[in-house]
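Structural description and commentary
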Amino acid sequence: CAYNATREITHPTLILDKTKIEDTVDDEAVQSQLKGQREEYALRKEIVGRQLSAEEEAEVAENVRRGILSNYVLLRLQQKELPASAEGVCDLKFVTLSLDQYADGELIVENPGIKELPSLGKKDKVDMQQFQRMSVEIRKTAGELSALSKSAEKMASIVSASMTAFGGGNPDPAH
């Protein structure tokens, strides 16, 4: 069953124990990826030769962590055809590879304690023409509001000048 044939199907949420996954990753591989990502980050940000700040280091580490988790999951996530259903109907399955430390299904969290799981479904297609029309309308409205603000500011300065000229600008009634 091909991805293109099932891309419109909403699958149930699959929750995995990421701490178990992170425990299986080789520390040398992580250090190697961190080194490479640091170098790439420095090149991309044009800061070669300077030590990364704590914030930049945290960003690189988070990108490496997410990449490792993503690759781990993508290698093991497969579609399996459901035999008792119509042709082409598939379900997602998380499989175990030959060198994995965990048995089939051991990484899947059955009851994580979440009352309402988010449902990821098919996204509506973005209508670019409608988006552009709305963008033009928003810009026009923003321009009109800016003009009104300038007009109100001008009127406020005229009123303030008039009050000052007639002695109404001083809040002290004794003067």
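Before going into details, it helps to say that this report is about the structure given with it. (Residues numbered from 1 in each chain as written. Predicted model: local features only at pLDDT ≥ 70, side-chain atom pairs only at ≥ 80, totals over all residues. Heavy atoms only, no water.)

Looking at the packing of aromatic side chains
Taken as a whole, this structure holds zero aromatic pairs when the rule is applied. If you follow Arg76 out to its NZ or CZ, it ends over the ring of Tyr72, 3.6 Å from the centre. (Phe/Tyr/Trp six-rings, centres within 6.5 Å; stacked < 30°, edge-to-face > 60°. Lys NZ or Arg CZ within 6 Å of the ring centre and 35° of its normal.)

Some details on helix α3 (residues 27-44)
Compared with the 26 Å implied by 1.5 Å per residue over 18 residues, the 25 Å span of α3 between its first and last C-alpha is a close match. Restricting attention to buried positions, one finds in α3 the residues Leu34, Tyr41 and Ala42. Summarising the axial view, the buried residues of α3 lie within an arc of 95°, below the 170-degree limit, and thus occupy one face. The exposed set on the far side of α3, more than 90 degrees from its buried face, consists of Glu28, Ser32, Lys35 and Leu43. Structurally, α3 contributes buried residues whose contacts are with α4 (54-76). Just beyond α3, the residue with positive phi is Glu46, at close to 55°. (Helix = DSSP H or I, 4+ residues; strand = E, 2+ residues; numbered from the N terminus. Expected span 1.5 Å × (residues − 1). Buried < 20%, exposed > 50% of the residue type's maximum accessible area, 1.4 Å probe, protein only. Arc of directions from axis to C-beta. Contact = heavy atoms within 4.5 Å.)

Section: the nonpolar core
The biggest cluster of nonpolar side chains holds nine residues, and these are Val25, Leu34, Tyr41, Ala42, Ile47, Leu52, Val60, Val64 and Ile68. Contributing elements (two or more residues each) for this core: α3 and α4. Residues within four places of Leu52 in sequence aside, it is in contact with Arg38, Tyr41, Ile47, Glu57 and Val60. Counting seven residues, the second-largest nonpolar core is a separate cluster that includes Leu69, Tyr72, Tyr102 and Leu107. (Core = buried A, V, L, I, M, F, W, Y, C linked by side-chain atoms within 4.5 Å.)

Brief notes about empty space enclosed by the protein
As enumerated under the stated definition, the model contains one cavity of 30 Å³ or more in all. Here the largest cavity defines a volume of roughly 60 Å³. Lining the largest cavity we find Tyr72, Arg76, Phe94, Val95, Thr96, Asp100, Tyr102, Ala103, Asp104, Gly105, Glu106 and Leu107. (1 Å grid on protein atoms, 1.4 Å probe; cavity = no way out; pocket = protein on both sides within 12 Å on 5 of 7 lines; lining within 4 Å. Points joined across faces, edges and corners; volume = space filled by probe spheres on them.)

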